[in-house]
Each structure stands twice: as structure tokens, then as C-alpha cells.
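Notes for the structure review
One letter stands for each residue in the lines below.
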Amino acid sequence: MRKLLGQHEFYLAMILTVLVIAIGLANPAFLTRANLFDLCKSSTVMGLFALGVLIVLTSGGIDISFAAIGAFSMYVTSRLLLAVDFQGSVWVAFLLASLIGLALGLFNAVSINVLRLPTLIVTLGSASVFRGFLLAFIGTSIVNRLPAGMIAFSRRTLFEQTLATGETIGLSFSFVLYLLAIVAVAFVLRYTLLGRGIYALGGNAEAAERVGFNLRRVQFFIYGFVGLLSGVAGLVHACTMRNANPFDLVGTELSVIAAVVLGGASITGGRGTVLGAVLGVFLIVVINNSLILLGIPSYWQKVATGGVIIASVAITAIRKDGVRHAAASWR
Amino acid sequence: MKPVVAAQGISKHFGGVQALRDVSLSLHPGQVRSLVGENGSGKSTLIKILAGVYQPDSGTIHLDGVPCQHLHARQAVRAGVQVIYQDFSLFANLTVAENLALNTQIQSCRRFVNWRQVRRIATEALAKVGHEIDLDKSVADLTVAQKQLVAIAKALLHDARVIVMDEPTTALTKREVAALFRVIDDLRAKGLSILFVSHKLQEVREISDTITVLRSGRKVAEGDASQFSRDDLVFHMTGRRVETGTPPSRPGASQVLFEVRNLTRRNAFEQICFEVQRGEILGITGLLGSGRAELALALFGLEPVDSGTIRLEGRDIRLGNVSEAVIAGLAYVPEDRTLEGLFPPQSIERNMAIAGLGSFANRFGWLRPGQLRATVDRWMKDLSIRAPAQQTAVENLSGGNQQKVVLGKWLAAHTKLLILNGPTVGVDIGAKVDVHERIRSLVEQGLGVILISDDLPELLSLSRRVLLMSRGRIVKELTCESLDHDALAAELAELE
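Some words on the overall build of chain A
Counting its regular elements, chain A contains 14 helices and two strands. Computed over the C-alpha atoms, the radius of gyration of chain A is 20 Å, within 12% of the 20 Å expected from 2.2 N^0.38 for a compact globule of 331 residues. Of the contacts formed within chain A by residues at least 6 apart in sequence, a portion of 76% connects residues at least 24 apart. Summed over all atoms, the accessible surface of chain A reaches about 15,400 Å², with 68% contributed by carbon and sulfur. Between the mean site of the 22 positive side-chain charges and the mean site of the 11 negative ones, chain A shows a separation of 6 Å.

Things to note about the overall build of chain B
A tally of regular secondary structure across chain B gives 17 helices and 20 strands. Taken over the C-alpha trace, chain B has a radius of gyration of 25 Å; the compact-globule value for 496 residues is 23 Å, and the two agree within 12%. For the C-alpha atoms alone, the extent of chain B along its principal axes is close to 70 × 50 × 50 Å. Per-residue burial for chain B yields a buried fraction of 54% across its 496 residues. Counting contacts in chain B only where the partners sit at least 6 residues apart, residues at least 24 apart contribute 67% of the total. As displayed, chain B offers around 22,200 Å² of accessible surface, 49% of which is attributable to carbon and sulfur atoms. Taken together, the 59 basic and 56 acidic charged side chains of chain B have centroids lying 5 Å from each other.

A look at the sheet that holds strand β7 (residues 162–166) of chain B
All names here are of chain B. Judged by pairing direction, the sheet is mixed, and its six strands sit side by side in the order β6-β7-β8-β3-β9-β10 without closing on themselves. Only two strands of the sheet have a single partner each, and these edge strands are β6 (81–84) and β10 (218–224). Here the average twist between neighbouring strands, direction ignored, is 15°. Of the pairings in the sheet, the one linking β7 to strand β8 (residues 193–197) comprises five bridges and is parallel in character. Opposite Asp166, over in β8, you have Val197 as the bridge partner. Of the strands in this sheet, β6 and β7 are in contact with helix α5 (residues 144–157), which crosses β6 at around 165°. Seen against the sheet, helix α8 (residues 230–238) touches β3 (32–36), β9 (210–215) and β10 and runs at an angle of roughly 30° to β9.

Topic: the confidence of the model for chain A
The share of residues in chain A with pLDDT of 70 or more is 93%, and the mean pLDDT across the chain is 88. Note on residues 322–331 of chain A: pLDDT is under 50 here. Beyond four places in sequence and across chains, it has eight contacts.

A word on the pairing of β8(B)
All names here are of chain B. Where burial is concerned, most of β8 is hidden: five out of the five residues are buried. Of the two faces of β8, the one holding Ser193, Leu195 and Val197 and the one holding Ile194 and Phe196 are both buried throughout. Pairing between β3 and β8: four bridges, direction parallel. Looking across to β8, one finds that Leu35 is bridged to Val197. Handedness of the crossover joining β7 and β8 through helix α6 (residues 174–189): right-handed.

Some points on unusual backbone geometry
Backbone geometry places A:Leu249, a non-glycine residue, at a positive phi of 70°. Note on placement: A:Leu249 falls in the loop between α11 (215–241) and α12 (253–262). At B:Asn267, a residue that is not glycine, the phi angle is positive and equals roughly 65°. Positionally, B:Asn267 belongs in the loop between β11 (256–265) and β12 (269–277). A residue is classified by how much of its surface remains accessible, and B:Asn267, at 77% relative accessible area, is exposed.

Quick word on the sheet that holds strand β4 (residues 58–63) of chain B
All names here are of chain B. Pairing is antiparallel in the open sheet, where four strands are placed in the order β2-β1-β4-β5. Of all strands in the sheet, those with a lone pairing partner are β2 (17–27) and β5 (66–68), marking the two edges. With strand direction ignored, the average angle separating the axes of adjacent strands in the sheet is 25°. Pairing geometry for β4 and β5, over three bridges, is antiparallel. Residue pairing for β5: Leu63 is matched across the bridge by Val66. The strands that helix α1 (residues 43–50) touches are β1 (5–14), β2 and β4; relative to β2, the one it contacts most, it runs at about 60°.

Quick look at the interface of chain B and chain A
Taken together, the contact pairs 22 residues of chain B with 19 residues of chain A. Carbon and sulfur atoms supply 58% of the area that chain B and chain A bury against each other, a total of about 1,900 Å² over both sides. Here chain B and chain A share one salt bridge between them. One salt bridge connects B:Glu98 with A:Arg196, and the closest N-O pair in it is separated by 2.4 Å. Along the contact surface separating chain B from chain A lie nine residue pairs in polar contact (both at pLDDT 80 or more). No other element matches helix α3 (residues 96–107) of chain B, which puts five residues into the side of chain B that touches chain A. The residue makeup of the side of chain B that touches chain A, split by class, is 11 nonpolar, five polar and six charged.

Some thoughts on the side chain of A:Thr119
All names here are of chain A. By the secondary structure assignment, Thr119 is in helix α6 (residues 119–138). Its relative accessible area of 14% is what places Thr119 among the buried residues. Among residues more than four places away in sequence, those in contact with Thr119 are Gly61, Ile62, Ile112 and Tyr223.

What to know about the domain arrangement of chain B
Residue and element names in this part refer to chain B. When its domains are assigned, chain B resolves into domain 1 (5–238) and domain 2 (256–495). If you average the C-alpha positions of domain 1 and of domain 2, the two centres end up 34 Å apart. Taking both sides of the interface into account, the surface hidden between domain 1 and domain 2 amounts to around 740 Å²; carbon and sulfur atoms contribute 58%. The three residues of domain 1 that bury the most area against domain 2 are Glu38, Asn39 and Lys174, which together make up 46% of that side's buried surface. In this structure, the connection of domain 1 to domain 2 is made through zero salt bridges. On the surface where domain 1 and domain 2 come into contact, there are zero residue pairs in polar contact (both at pLDDT 80 or more). Here the element with the most residues in the side of domain 1 that touches domain 2 is α8; it accounts for four residues.

Digging into the state of the cysteines
Residue and element names in this part refer to chain A. This structure, assessed with the given rule, holds zero disulfides over all chains. Here Cys40 stays free of any disulfide, with the sulfur of Cys239 as its closest cysteine sulfur at 18 Å. With a relative accessible area of 16%, Cys40 lands in the buried category.

Some thoughts on the pairing of β7(B)
Every other side chain in a regular strand lies on the same face of the sheet, so the side chains alternate between the two faces. All names here are of chain B. Counting buried positions along β7 gives five out of five residues, so the element sits mostly inside the fold. Residues Val162, Val164 and Asp166 of β7 are buried on one face, and the alternating residues Ile163 and Met165, pointing to the opposite face, are buried as well. Bridge count for β6 against β7 is four bridges, and the pairing is parallel. Bridged to Val83 within β7 is Val164.

With respect to the pattern of salt bridges
All names here are of chain B. All chains considered together, the criterion is met by 25 salt bridges over all chains. Across the pair Glu124 and Arg120 runs a salt bridge, and its minimum N-O distance is 4.0 Å. Here Glu124 and its partner Arg120 are both found in helix α4 (residues 115–129), four residues apart, which amounts to about one turn of the helix. Ionic pairing is found between Arg188 and Asp185, a salt bridge with its closest N-O pair at 2.5 Å. Of the two residues, Arg188 and Asp185 are both situated in helix α6; the distance of three residues between them amounts to about one turn of the helix. In this structure Arg188 comes out as buried when scored by relative accessible area, which is 17%. Taken together, the shared-partner salt bridges connect Arg33, Lys219 and Glu222 into one network.

Quick notes on the rules
Residues numbered from 1 in each chain as written. Chains lettered and ligands numbered in written order. Predicted model: local features only at pLDDT ≥ 70, side-chain atom pairs only at ≥ 80, totals over all residues. Heavy atoms only, no water. Helix = DSSP H or I, 4+ residues; strand = E, 2+ residues; numbered from the N terminus. Rg over C-alpha atoms; globule rule 2.2 N^0.38 Å. Contact = heavy atoms within 4.5 Å. Areas by Shrake-Rupley, 256 points an atom, 1.4 Å probe, with all protein chains shown as cover. Lys, Arg positive; Asp, Glu negative; His and termini not counted. Charge placed at Lys NZ, Arg CZ, Asp CG, Glu CD. Buried < 20%, exposed > 50% of the residue type's maximum accessible area, 1.4 Å probe, protein only. Pairing = 2+ DSSP bridges. Axes fitted to C-alpha atoms, helices over the stretch in contact; angles between N-to-C directions. pLDDT = per-residue confidence, 0-100. Right-handed = clockwise from strand over helix to strand, strands pointing away. Buried area = accessible area lost by both parts, 1.4 Å probe. Salt bridge = Lys/Arg side-chain N within 4 Å of Asp/Glu carboxyl O. Polar contact = N/O pair within 3.5 Å; in protein donor to acceptor, adjacent residues only side chain to side chain. Nonpolar A, V, L, I, M, F, W, Y, C, P; charged D, E, K, R; others polar. Domains from an automatic or database assignment. Disulfide = S-S within 2.5 Å.

See below:
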């Protein structure tokens, strides 16, 4: 029990529970099945990105390019499949998008490893390169008619139910992809040596090398995997929106990183859990969703999200070091 | 008995610097050898050559009598050579268990982590050092002593036959040092060979069977520990007989400079009262955790205070406010100078000018570079800071010279009372004597100094009055008559 109390995730879950109950009392529409399904759907894309960011942050790096990779992969995939008039399964689209994402991620990995540059600089630069390349050479027009497979995927739901109003609700199938990714990332981080190598790298790179990790290989995995996840996330986004807009996604980087930090990951590396990241994303989605339900102007979403992030990190800092240190640190 | 590791005629240079010149060293099973020398004497280079991290220019390393032309790190590990570096090479973010087991897991070429096995390996490893540490605690939450035990246990896991410990007692309390020595004794009894690298001569003489002294990359002395006195070691390390010096005599008419009345902070210190005379060096000592560090920070306004007053030259100083303390004429030289006292990449000039910038500016706030340079020049000469130029980055200076820059910074700021917290921690003996000399000449000019230190010879050579702190209180005041090394050591031992 004492161990549980010492954990960031526990506090996050408490905040989330209190918030859900409070909003539910204020507006019963919040706790309906339809809205809960909607929350799950809304957290899917952000959550997929967040899993990638979690891995990078844990390793002591940072990746700003994942949104650009997501946009690139989904737009190129959609255009390509339309060009060949592809009528087959959506999984081909996913495969294609994830391979494109992987390739772009490996581009980051090579730059980081060969040029030995800070990850922030590399990904800041590559984000701009990917986006510029996409808009200059692939196109700027929004694709409104997606390939048939993608449309079918976006309509696919689980736990379908027809309401009295005649409206059909269900849990978007993409949420299953998110769950699979959660399990996979959690497994890699907890039960593989590669995953432990990511923590080791984030904790003390020099010692990680001394203890026998091949840091180059670990970094190639990290940035390649982030690219791959971003490709998947991008495609899910396109399916959810039922269009492929090359201007989408870019601009969401900071809120995803913020959600992961909210989930307890350390911005300087070495700490972070999948549960925390997932809760962090869900908390932000709940706040945004509830503000809409409560009729608060959407600009306030940004204020509320930022406030929650600062408050949460502050609570952790104070709990960890005692109030005195938190108070002394600004001096 | 055959040595496990023997280095013969090792030389190594970096650029134009000859780090080691024809050094030989052998490590025998069941023996503790100490390697002593000042900073830059080549100790760390030699360790790294033994560990296969550096390749020597000439000379050979024999492992179990077999010469190795190019010793690689992996070879050294396989032969049982383990180095415990000062940073311990541990992962603060991982648990004790994982820190211990990680290497074994990697070497067995596994892909997946077997957490049950991790715990088993860790339990076994800790049993070897005979201590219990919560396996699930993250290393960041351990004390330094515990981290060290984990590092030793980790070394033993790799069937270590030789353990090199680089300055292992730096951040340990006396009790923890004693515990470490028991572990070392135990390892020695098991037939391991230990290379104990340290500059704490008292400890070196206590633990070693044999001692090797390096100076400027050469081996200048070697022999049984019993044949060296402390002064001998100092002589071999520095190449000169160092006079420890005596505290400056008290000025004739005593004049109170600084008064502390009933200073209290909950859980740190209680009812602290003392005075410092003009021209006096007041020593304060106590064990780690006695509240002396907190007191030093509180006097300088870096930590809040619950109640009490401090007065300089009869005027009250507002507590808990650094800038007011500085303006009033207080200065604080921290223990960890690179972290708290300096801007390492910046020049000597900028580092020295920073605390008294206002006095180098004209009325519009523009700096007068000529005056600044002249002042810094004067202080560099006064403090005998050895550096190529004012523009030299402070990070390129030796520890002793860095400490003098910190002193200079406060002198430039017209300081009246100097609070020194461990002023010569990690400073060479030669430079230490130099720093002491500077401190003495400062008080001759009428400064007051509060010297917080656990270096007994340092206290004795500077202070005529020493306050003893324990559990946040001043428990004893020792003056001149009752002040000598044995008395002070006895008092401290009683507090343990």
C-alpha cells in the first residue's frame, strides 16, 4: 500500500476518478456509453503518439518529428493507394504507412548516431524537412475520398448498440489497435533487455555502455519504432477524420509530450511508464471533452490543459522532495 | 605468491603531457595496496590502463603471469579486474536488483528479462558483501555508502579477483568508512586483491598492506604501509616537506564582528549562539548530518530560518535573503565549488567579478573594463592563482586554483565575513597549504572567517577556537589550550 501511495500513476488515477465523477454530476451526458466510446476514440491517435514519445523520453532523448512523420505517412499512403485505385484490405494501408514511418524514423536514428547531434536538434530539423518535402513534392490538397478499405475501417465498431433515438453507437475498432500497442510497448519496456536498455540509456548512458548495451542498436530501435508508431497513428487519424489532410497533426507535438510528462515520464530521461502515459493522455482528453460538454469556450481547453500539467508536475515535485525543496528551487 | 595483475614499465602520454613514466605495480591475492598521489599524478591513468580502457605507449600488463600486449576492457573483466569508479556506474533510475543483475542478463545473450532470476542474482550478490539492502528500492534513494556496497557486490558478481576502488571514502561518514573497511577486510581474507586509490592518508595507512606513491607520473615510493608515516607520504606526494602552519594569533583588542543569537530551524539546528571576532577564524565541525551544512547555508540566507538573529558589525541582517547578506558583507564558499560556486566555462575574470559587479560599474551601470582587469590582476597575484591568463576558463584550472578563484570572487566584493564550507575538499596537499596561507593573510586584514570542516589538521592549523556540533546543537567549544588532534578526534568519536 505504501508503495502504491508513492507512485505518480496512483495520484493521476485519483485525479482522473474525481474529475470523472465531478463532471458526471455536472453533466450526466458525460457518463453515457456514447460519450465514453467517444473518449476512447479521441484518445487513440494521441495515445499512439504518446507511446512513441514515452519511449524516446525514457531513453533520455526527445522527438519533435513524430507528428510530421504521422502526417507524411498517412498522406503519402492515401495518395498512393488512390493512385493505383487500391480496393483491398486496410491492413495494406497500415503496412505501408508504418513502413514509411519506420523509414523516416530510421532517418532520424542515422542522423543522431552518425552526426552525434542532440536529438532535439535532429528531430526539430527533420520535422521541418519531412513536412516541407510533403507539401512541396507530394501535394497540399485535402483528400476527401479515401480508399474503400480505409473507409470501411473507420466504420467498423465493437459493442454496437442502437439507441432509442435510432442512432447506432459503438467503440471504434481503432481503439483495439491502441490497446495492442499499449500491451506491446509495456511488454517491451518491462520484459525485454532492449526495453531495460532504454531505461539504462536514459539513466546513465556511459554506464549503459560499460555494462554491455549496444547503444547504437538501442537508439535505432527507439527512433525506428517511434516512426512506425507515428505512421500507424497518422493513418488512424486519417481514417477517423475520413480525409487525408497534409496540414493535420503538425502542431500537436507539444501537447502529446506534455501528456507523457503529465504521466510521470521524466523529461531528462530514465523514468516513465506506459500506464502513466496512457492515464496522462486520457486525462487531457477528458478535460477537453468535458469542457465542451459543459459549454466552455474551446480556447479554455488550452488554459485548462496547461494548468493541469503544471499542477500535476508540481505535486510530484513537492511530494518527492518535500515542500521546502520545491520552495527553494526557484531561488 | 604470484601476482594476479602486474604492470611493468608502463608509460603513457596524452598530447604533450607525459601522464605516466615507467611505472610498475603488482597486485597480489589477499593484499590491499594503496595508490596515493596528488591530482594529476597519474593515478586515474594507471587505473584505466589496468582496466584496459587506455592502451599504454610502452610496458606490459601481466595477467596471472601471462603478458598481454594489448589489454582490452573485456579481457581485463574476464581476468577478474573490476574497477569501482567514483560515480559507481550505477543506474539511479533502476532498482538495486536490476543494477546488480543487468550485466549478467546481457552476457547470457537473453532477449527477455526473467525478473525472478534478477532477484536471485541480486540476493546472492548482496550476500557476498554481507549487507542487506531493499532490492526494490531505486538506487537514487540509497545513501552513498549503500550505493558503494551495491557497486562492490556488482564487481563480485563478475568473479572479481582484483577490485580497484577509486576514492571510495570521499562522501562517507566515519561509521560508513569503518563498515567499508570491514567489507574490504573480508574480501582480503577471501583472497581478493584490492587497489585502494585515495588521498586520505589516515585511511590509507589504516587499511593497506602496501603503499605505492605516484608523483608527476613517476613511482616515487613503494613499500609496506607500516614504514610510512603521514609526513613521509605527504613528502613523497608533494616532493617537499610541508609545514602545516599554526593558527594566526588573536588580535590584541577583541572586537566582535559577527554575532549569532538563538538561531533555530526545525529539524536542522537549534539555539545556535556564537560570535566571531574581527581577525578570527572560528572552526565548526561535527559529523555529517550534524546540522553544520544547514547552518552555513542559513547564515548566508540560502535556507530559511525559523527564529533568531544575526548581526554584522552591530547591524541586524535580514534572514533568508542572499542578496541582503552579500550587500552586508557576508560571503559563502560552498563545498562543491564547480556546482555551486563557479561558472566553469567562463573566464577567471568573469568569475571573480561576478559578486562585486556593482563596484566596477560607473553610475550608468556600464562596466569599466580597465578597472576590472586591474583588480582581477591584483587578486590573481595576491592569491597566487596559476593560470595562463585572466581569460582562461575556470574549468581548465586545478581544484586548488579554482578554490582560489572562488575566494577571489568574494574578496572583490568587499567581504567582511567569509563562511568557508570544506574549503579544501578534493584539493591537493600542496595547493591546500597555499589556500590556508591565503586564508591566514585575509584575517590579518581584519576579515572574520567561519571555517566549517571535518578535516582535523585543517581546523587545527587555522583555528584557535572550534565549535563542535551534534544533532543540530553546539555541544562543545574547544579553545586553544584543549585543542589538539587527539582531543578533537576523541570528541568526534564520542559523538558517533
